[in-house]
Amino acid sequence: MNILIAMETSGVTRKAFESFVTNNNLITWNIISCDLLPADDGATNHIVGDAIDIIKSKRWDWDLILAHPPCTALAVSGNAWYGRGMKKHSKRLEAIEWTTDLWNLIKEYSSHAIMENPVGV
């Protein structure tokens, strides 16, 4: 089982999966995180790079991809800046398109897909 935790630097989600693997003796599971930034915990199973490139590389056959895409322009809490008629609304539209494309890519390259974000538009 190959699992990618995309767009995560904290390692919190990766560590939760690792704990599950350890506690259930699932030694064949491969848990990898990736982000444009290094892992906060210095983990060796973290790839510094663009999640889209990593997914498309076909280096692994992903059984599960869990993504945490940027939410700044997507979150309802940003309506004062990104809402319709606001100065940054075009950034919201770009973010919606990018996130939708990411979701479709994840579904194409993985048997199972999860995307986590706060309440969004």
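Everything that follows concerns the structure shown earlier in this document.
Presented here is an overview of the structure given in this document. Here the structure is a predicted model, which is why all the values come from computation and not from measurement. Per chain, the residues get numbers from 1 upward, laid out in the order the sequence is written. The predicted nature of this model means local features are confined to residues of pLDDT at least 70 and side-chain atom pairs, given and counted, to a pLDDT of 80 or more, with totals for whole chains, interfaces and linings taken over all residues. Side-chain measures here rest on the full set of heavy atoms in the structure, leaving out hydrogens and waters.

### Examining the state of the cysteines
Next up, step 1: What counts as a disulfide here is a pair of cysteine sulfur atoms lying within 2.5 Å. Tallying each qualifying case throughout the model produces 0 disulfides.
Next up, step 2: Cys71 supplies the cysteine sulfur nearest to Cys34, a cysteine that is in no disulfide, at a spacing of 17 Å.
Next up, step 3: Cys71 sits in the partly exposed class, given a relative accessible area of 28%. We call a residue buried when its accessible area falls under 20% of the maximum for its residue type, exposed when it is over 50%, and partly exposed in between, using a 1.4 Å probe and counting protein chains only.

### A look at the layout of surface pockets
Next up, step 1: Using a 1 Å grid laid over the protein atoms alone, points where a 1.4 Å probe fits but cannot get out form a cavity; open sets with protein on both sides within 12 Å along at least 5 of 7 lines form a pocket; any residue with an atom within 4 Å of a point counts as lining. Grid points are joined across faces, edges and corners, and a volume is the space filled by probe spheres set on the points. If you add up the space inside the largest pocket, you get close to 170 Å³.
Next up, step 2: In this structure, the largest pocket is lined by Met7, Cys34, Asp35, Leu36, Gly49, Asp50, Ala51, Ile52, His68, Pro69, Pro70 and Trp98.
Next up, step 3: Within the residue set of the lining of the largest pocket, elements represented by two or more residues are strand S2 (30-35) and helix H2 (51-56).
Next up, step 4: When residues are grouped by polarity, Ala, Val, Leu, Ile, Met, Phe, Trp, Tyr, Cys and Pro land in nonpolar, Asp, Glu, Lys and Arg in charged, and all others, Gly among them, in polar. In terms of residue class, the lining of the largest pocket is made up of 8 nonpolar, 2 polar and 2 charged. Under the scheme used here, helices are H or I runs from DSSP no shorter than 4 residues and strands are E runs no shorter than 2 residues, and both carry numbers assigned from the N terminus.

### Things to note about the pattern of salt bridges
Next up, step 1: Whenever Lys or Arg places a side-chain nitrogen within 4 Å of a carboxyl oxygen from Asp or Glu, that contact is recorded as a salt bridge. All chains considered together, the criterion is met by 3 salt bridges.
Next up, step 2: Across the pair Arg14 and Glu18 runs a salt bridge whose closest N-O atoms are separated by 3.9 Å. With Arg14 and Glu18 both in helix H1 (residues 12-23), this residue pair falls 4 residues apart, about one helical turn.
Next up, step 3: Accessibility expressed as a relative area gives 25% for Glu18, which makes it partly exposed.
Next up, step 4: Arg14 is paired through a salt bridge with Asp41; the nearest N and O atoms lie 3.0 Å apart. Placement of the pair is Arg14 in helix H1 and Asp41 in the loop between S2 and strand S3 (46-48), with a sequence separation of 27 residues.

### Quick look at the side chain of Asn2
Next up, step 1: Among the secondary structure elements, Asn2 is positioned in strand S1 (residues 2-6).
Next up, step 2: Residue Asn2 is classed as buried on the basis of its relative accessible area of 17%.
Next up, step 3: Think of a polar contact as two N or O atoms within 3.5 Å of one another; within protein, one of them needs to be a possible hydrogen donor and the other a possible acceptor, and neighboring residues in sequence only count if both atoms come from side chains. Among the polar contacts listed, one links the side chain of Asn2 to the backbone oxygen of Asp61, at a separation of 3.2 Å.
Next up, step 4: Contact between two residues is taken to exist if any of their heavy atoms lie within 4.5 Å; hydrogens are not considered. Among all residues touching Asn2, those that are not within four sequence positions of it are Asn30, Trp60, Asp61, Trp62, Asp63 and Leu64.

### Here we look at a nonpolar patch on the surface
Next up, step 1: Taken together, the side chains of Val76, Leu93, Ile96, Val119 and Val121 present a nonpolar region at the surface, about 430 Å² in accessible area.
Next up, step 2: For Val76, a relative accessible area of 35% corresponds to the partly exposed category. Two distance rules govern patches: like charges are joined within 9 Å, and nonpolar side chains (Val, Leu, Ile, Met, Phe, Trp, Tyr) within 5 Å, applied only to residues with over 30% relative accessible area and no salt bridge. In this description, accessible areas are obtained by the Shrake-Rupley approach with a 1.4 Å probe, and a residue is regarded as covered only by the protein chains that are shown.

### A word on the side chain of His68
Next up, step 1: One can find His68 in the loop between strand S4 (62-67) and helix H3 (79-82).
Next up, step 2: A relative accessible area of 19% means that His68 is categorised as buried.
Next up, step 3: There is a polar contact of 2.8 Å between the side chain of His68 and the side chain of Glu116.
Next up, step 4: In this view, His68 contacts Ile5, Ala6, Met7, Glu8, Thr13, Glu116 and Asn117; residues no more than four positions away in its chain are not counted.

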